[in-house]
Amino acid sequence: MPYEQLGINTPSPVLSWANHPLASDETKMAKNVASLPFVFKHVALMPDVHLGKGALVGSVIATKEAIIPAAVGVDIGCGMCAIKTKFTGEQLEGKLKKIRQDIEAAIPTGFNANDNVEKSVTNWQKWKNFKDLHRGVQDLESKAMKQMGSLGGGNHFIEVCLDTENQVWLMLHSGSRNIGNKLAQCHINTAKELAKMAQEKLADPDLAYFVTGTPEFQSYWRDLQWAQNYAHFNRDVMMSRFKKIIEKHLNGGKATKPLLEVNCHHNYAEKEVHFDEEVYVTRKGAVRAQTEDYGIIPGSMGAKSFIVKGKGNAHSFCSCSHGAGRLMSRSKAKKTYTLDDLITQTEGVECRKDTGVLDEIPGAYKPIEQVMENQADLVEVVATLKQVLCVKG
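Residues numbered from 1 in each chain as written. Predicted model: local features only at pLDDT ≥ 70, side-chain atom pairs only at ≥ 80, totals over all residues. Heavy atoms only, no water.

Colleague: Describe the sheet that holds strand β11 (residues 267-274), and please don't skip the residues or the numbers.
Modeller: Paired through backbone hydrogen bonds, the strands of a sheet run either parallel or antiparallel to each other. What the six strands build is an open sheet, ordered β1-β2-β3-β4-β12-β11; its pairing is mixed. Each edge of the open sheet carries a strand with a single partner, namely β1 (4-5) and β11. Strand direction decides the pairing type here: β1 and strand β2 (residues 14-16), joined by two bridges, are antiparallel. Residue pairing for β2: Glu-4 is matched across the bridge by Ser-16. Relative to the sheet, helix α1 (residues 24-34) contacts β2, β3 (39-50) and β4 (57-63), its axis offset from that of β3 by approximately 160°. Relative to the sheet, helix α7 (residues 215-250) contacts β11 and β12 (277-284), its axis offset from that of β11 by approximately 110°. (Pairing = 2+ DSSP bridges. Helix = DSSP H or I, 4+ residues; strand = E, 2+ residues; numbered from the N terminus. Contact = heavy atoms within 4.5 Å. Axes fitted to C-alpha atoms, helices over the stretch in contact; angles between N-to-C directions.)

Colleague: Now, about the nonpolar core: what can you tell me, with residues and values included?
Modeller: Ranked by internal contacts, the top residues of the largest apolar core, which has 50 residues, are Trp-169, Met-171, Ile-296, Ile-307 and Ile-368. With four residues, strand β18 (residues 379-392) is the largest single contributor of residues to this core. Those residues in contact with Ile-296 that sit more than four places away from it in its chain are Met-80, Cys-81, Ala-82, Met-171, Val-262, Cys-264, Val-287, Phe-306, Ile-307, Val-308 and His-322. Ranked by size, the runner-up nonpolar core spans 32 residues in total, among them Ala-70, Leu-133, Ala-208 and Trp-221. (Core = buried A, V, L, I, M, F, W, Y, C linked by side-chain atoms within 4.5 Å. Buried < 20%, exposed > 50% of the residue type's maximum accessible area, 1.4 Å probe, protein only.)

Colleague: Go over the pairing of β11 with me, naming the residues and quoting the values.
Modeller: Across eight bridges, β11 lies against β12 in antiparallel orientation. By the bridge assignment for β12, Glu-270 is matched with Val-281. Linking β11 back to β12 in an antiparallel pair, the connection comprises two residues, with Phe-275 at a positive phi of about 50°.

Colleague: Residue-level account of the pattern of salt bridges, with values.
Modeller: Overall, the coordinates contain 19 salt bridges when judged by the stated rule. Asp-102 is the salt-bridge partner of Lys-98, the closest N and O atoms lying 3.0 Å from each other. Of this pair, Lys-98 and Asp-102 both sit in helix α3 (residues 96-106), separated by four residues, roughly a single helical turn. As a salt-bridge pair, Asp-359 and Arg-330 come within 3.2 Å of each other at their nearest N and O atoms. One end of the pair, Asp-359, is in the loop between β17 (350-351) and α10 (368-373); the other, Arg-330, is in helix α8 (residues 330-336), and 29 residues separate them in sequence. Connected through shared salt-bridge partners, Arg-326, Arg-330, Asp-359, Glu-360 and Lys-392 make up one network. (Salt bridge = Lys/Arg side-chain N within 4 Å of Asp/Glu carboxyl O.)

Colleague: Break down the packing of helix α6 (residues 177-197) against α7 for me, citing the residues and quoting the values.
Modeller: The interhelical angle for the contact between α6 and α7, taken along N-to-C directions, is 160°, at an axis separation of 10 Å. Put simply, α6 runs roughly antiparallel to α7. Considering only the axes of α6 and α7, their crossing is left-handed. Residues Arg-177, Ile-179, Gly-180, Leu-183, His-187, Thr-190 and Leu-194 of α6 pack against Glu-216, Ser-219, Tyr-220, Asp-223, Trp-226, Ala-227, Tyr-230 and Asn-234 of α7. In terms of residue class, the contact of α6 with α7 is built from seven nonpolar, five polar and three charged. (Parallel < 35°, antiparallel > 145°, perpendicular 65-115°, else oblique. Left-handed = near helix turned anticlockwise from the far one by under 90°. Nonpolar A, V, L, I, M, F, W, Y, C, P; charged D, E, K, R; others polar.)

Colleague: Go over the environment of Ser-150, please, and point to the residues and values.
Modeller: Here Ser-150 lies in the loop between α5 (141-147) and β7 (157-163). Spatially, the C-alpha atoms of Ser-150 and Gly-110 are 8.4 Å apart, while their sequence positions differ by 40 residues. Of note is the side chain of Ser-150, whose polar atom sits 2.8 Å from the side chain of Arg-177. (Polar contact = N/O pair within 3.5 Å; in protein donor to acceptor, adjacent residues only side chain to side chain.)

Colleague: Any details on the packing of α3 against α7? Residues and values, ideally.
Modeller: The geometry of α3 relative to α7 is characterised by a closest axis approach of 10 Å and an angle of 150° between their N-to-C directions. Judged on the interaxial angle alone, α7 and α3 are roughly antiparallel. As for how α3 packs across α7, the hand of that crossing is right-handed. Where α3 approaches α7, its residues Lys-98, Ile-99, Asp-102, Ile-103 and Ala-106 are matched on the opposing element by Arg-241, Phe-242, Ile-245, Ile-246, Lys-248 and His-249. For the contact of α3 with α7, a count of residues per class yields six nonpolar, one polar and four charged.

Colleague: Can you break down the packing of aromatic side chains residue by residue, with the values?
Modeller: Evaluation of the coordinates by the stated rule reveals 17 aromatic pairs. Measuring from ring centre to ring centre gives 5.6 Å for Phe-130 and Trp-226, while their planes differ by 80°; the resulting arrangement is edge-to-face. Of this pair, Phe-130 sits in the loop between α4 (119-122) and α5 while Trp-226 sits in helix α7; the two residues are 96 residues apart in sequence, bridging distant segments of the chain. Owing to a relative accessible area of 4%, Trp-226 belongs among the buried residues under this scheme. Among the aromatic side chains, those forming a connected cluster through ring pairs are Trp-124, Trp-127, Phe-130, Trp-226, Tyr-230 and Phe-233. (Phe/Tyr/Trp six-rings, centres within 6.5 Å; stacked < 30°, edge-to-face > 60°.)

Colleague: Lay out the side chain of Asn-234 in plain terms, naming residues and giving numbers.
Modeller: Structurally, Asn-234 can be placed in helix α7. Within polar-contact distance, the side chain of Asn-234 engages the backbone oxygen of Gly-175 at 3.0 Å. Apart from residues lying up to four places away in sequence, Asn-234 is in contact with Gln-147, Met-148, Gly-149, Ser-150, Ser-174, Gly-175 and Arg-177.

By themselves, these observations are geometric and do not establish any function.
So this is what it looks like as structure tokens:
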């Protein structure tokens, strides 16, 4: 589906790939962002768009000479990692429960961290820049090291999937853990303080921003890049452990070479060139989809997921959706669905089936097929996956 321009009166237009009108609070949020003086060209909304903090989740905001830390959000660098293996579905038969137990033993979830720090983590080159990060996180280096290679909570997950050719894929979703969250909070607070001191009348306090050339901007940009690198490497560390578990069960412990590897952010900001101008692009729940970029668009637990290749659509600032997008809040999902509903909706998937993950039930998300249909002009599908095992954060 091509985009439609929202009928709202703002200095910058809002282009939407969603196939439905926005709710009034979502429209207000889109309006607030599109009214900022430094927005470049327009705001692009992806098909999975829904309510966020400051800016909508599923929005792409290009800016000139300013950046909004709360638009990037607190899970800096959150994203997806996937590898295609040489294994087939038949090889998994009778092994899924043991594989899930091994994953849960090897990769900490929720607020948990690793007991020991592995060599690949201590050798990570970016630790030498930790002392340059915001003073508010200087006591967190040890915690950040122990959390490197851990999943986190919420909608973060680890999955074994099969594609339409019955080929085994490994997939996971995670970000920059506690350190990314703390860095984001430090800078969001600074931006809000600056706005207050300048007596700036913002439509939403979460739209407080930093201006290029200021020490605050430089400090945020440095910390942002560091946290994005942390998130990317965090996924690599987990995927390495995950792959070893699969090789142990399916290949006698012998290492294999992935047939395809993808690791992409969907909560981040980068400097890019669009419409022949250098701008800051914030993707809040969106994946970069330049021509030939590989991306990952997961469905909910129990639904299909997609490996895609970007089409480089200029109007979306070369972006696509980051998933199905929530249809209802976590609290509403818990009130709406029962444990029996969860068991029914995750039939055939080796996963937790308890009230602790009820807020992640597939019914709480938009239908992924509809989301994919709406962005046929943004990406082409390379592989369609269906999970057979899911470990939730």
